[in-house]
Structure formats: C-alpha cells, structure tokens
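# Fold and geometry: a report
If you want the building blocks of each chain, they are given just below.
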Amino acid sequence: MPKCQCSIGVLGSSQELMTVLQSMGPKRPKVTKLLMSRPGIFEFIGGPASGQVVSLTQKVMAQGRMEQVSRLKFAADQHAAEASQHASMQREKVAQKEEEDPDA
C-alpha cells in the first residue's frame, strides 16, 4: 500500500490518533466522519465490505511534493551559499598569505 494510503482500521487504532481523539472529549467524532468532512484532503477507496482505505487526494499529494521540492531547493541553495562563502574566505586567506610572504 502506498505511503499516502491507509486502511481505516489501522488508522483508527493508531496510538497517536487515539491520543488526539481522546483529547477532544467524550463527544469526539469518529475517525471516518472526521476524514469525510475534509473531501478536499482525503478520499476513500473501496467499500465497507472490503475494508475502506483512506488516501490523500491528488491535489494534496501534488502540493506536498511541491513543498518538498521547495524545501530541498532551499537547503541546496543554503548549502551552495555557505560553500561559496567558505571558498571566498579561503581565497582571502591565500591572498593574504601571498601578500605577507610573496616569496613563498
């Protein structure tokens, strides 16, 4: 099963989710009702007899991929800027040493 899909049974028995739901108090909604109330985020695959599977919508998955690419680009740009700054500092040190001792 892809990472973006999970059976309702497995999701409902998740300790992390149970903790959050319990914090909502005794009148908390069921997991299925919570997911169904967000059709732009979640979609259901299969019927009750086959054990429903919940998945993220294509729009949400695409948005997640775009955010991931953006984070990777930011990290790469930051690393490149740090490497450039380090190289510049090294060039300055070499130039300074050559000025101090031109015969070396």
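None of the values given here were measured: they were computed from a predicted structure.

What follows is about the overall build of the protein chain. Of the regular secondary structure elements, the protein chain holds four helices and three strands. For the protein chain, the sequential pattern of α-helices and β-strands runs β-α-α-α-β-β-α. Relative to the globule expectation of 13 Å for 104 residues, the C-alpha radius of gyration of the protein chain, 26 Å, shows a markedly less compact shape. Along the first, second and third principal axes, the C-alpha atoms of the protein chain reach 85 × 30 × 20 Å. By the burial criterion, 11% of the 104 residues in the protein chain qualify as buried. Total accessible area on the protein chain is roughly 8,500 Å²; 59% of this is exposed by carbon and sulfur atoms. Considering the protein chain, the positive charge centre built from 13 side chains and the negative charge centre built from 11 side chains are found 28 Å apart.

Looking now at the pairing of strand 3 (residues 53-56). Here strand 1 (residues 5-7) runs beside strand 3; their pairing, made up of three bridges, is antiparallel. Bridge pairing links Gln 5 to Ser 55 in strand 3. Here four bridges tie strand 2 (residues 42-45) to strand 3, and the two strands are oriented antiparallel to one another. From the neighbouring strand, Glu 43 faces strand 3, where its bridge partner is Ser 55.

Counting residues in each nonpolar core, the largest one holds five residues, listed as Ile 8, Leu 21, Val 31, Leu 35 and Val 54. If we skip the residues at most four places from it in the chain, Val 31 touches Leu 11, Gly 12, Leu 17 and Leu 21.

Looking now at the sheet that holds strand 2. Reading across the sheet, the three strands line up as 1-3-2 and stay open at both edges, with antiparallel pairing between neighbours. Edge positions in the sheet fall to strand 1 and strand 2, since each has one partner strand and no second. In this sheet, adjacent strand axes meet at a mean angle of 30° when their direction is disregarded.

When you line up the elements, Gly 46 lands in the loop between strand 2 and strand 3. Take Gly 46: its relative accessible area is 48%, and that puts it in the partly exposed class.

Where charged atoms of side chains with opposite charge meet at close range, the side chains can pair. Enumeration over the complete set of coordinates arrives at one salt bridge. With its nearest N and O atoms 2.8 Å apart, the salt bridge here joins Lys 73 to Asp 77. Here Lys 73 and its partner Asp 77 are both found in helix 4 (residues 58-100), four residues apart, which amounts to about one turn of the helix. Residue Lys 73 is classed as exposed on the basis of its relative accessible area, which comes to 52%. Note on Asp 77: relative accessible area 41%, which makes it partly exposed.

This paragraph deals with the confidence of the model for the protein chain. In this model, the protein chain carries a mean pLDDT of 86, and residues with pLDDT of at least 70 account for 93%. Ranking the elements of the protein chain by mean pLDDT puts helix 1 (residues 8-12) last, at 81, and helix 4 first, at 93.

In this section: the environment of Thr 57. Note on placement: Thr 57 falls in the loop between strand 3 and helix 4. Taking the relative accessible area as the measure of exposure, Thr 57 reaches 9% and is therefore buried. Separated by 14 residues in the primary sequence, Thr 57 and Glu 43 place their C-alpha atoms 5.9 Å from one another. Setting aside anything within four residues of it in sequence, one finds Thr 57 in contact with Pro 39, Gly 40, Ile 41, Phe 42 and Glu 43.

Analysis parameters
Residues numbered from 1 in each chain as written. Predicted model: local features only at pLDDT ≥ 70, side-chain atom pairs only at ≥ 80, totals over all residues. Heavy atoms only, no water. Helix = DSSP H or I, 4+ residues; strand = E, 2+ residues; numbered from the N terminus. Rg over C-alpha atoms; globule rule 2.2 N^0.38 Å. Buried < 20%, exposed > 50% of the residue type's maximum accessible area, 1.4 Å probe, protein only. Areas by Shrake-Rupley, 256 points an atom, 1.4 Å probe, with all protein chains shown as cover. Lys, Arg positive; Asp, Glu negative; His and termini not counted. Charge placed at Lys NZ, Arg CZ, Asp CG, Glu CD. Pairing = 2+ DSSP bridges. Core = buried A, V, L, I, M, F, W, Y, C linked by side-chain atoms within 4.5 Å. Contact = heavy atoms within 4.5 Å. Axes fitted to C-alpha atoms, helices over the stretch in contact; angles between N-to-C directions. Salt bridge = Lys/Arg side-chain N within 4 Å of Asp/Glu carboxyl O. pLDDT = per-residue confidence, 0-100.

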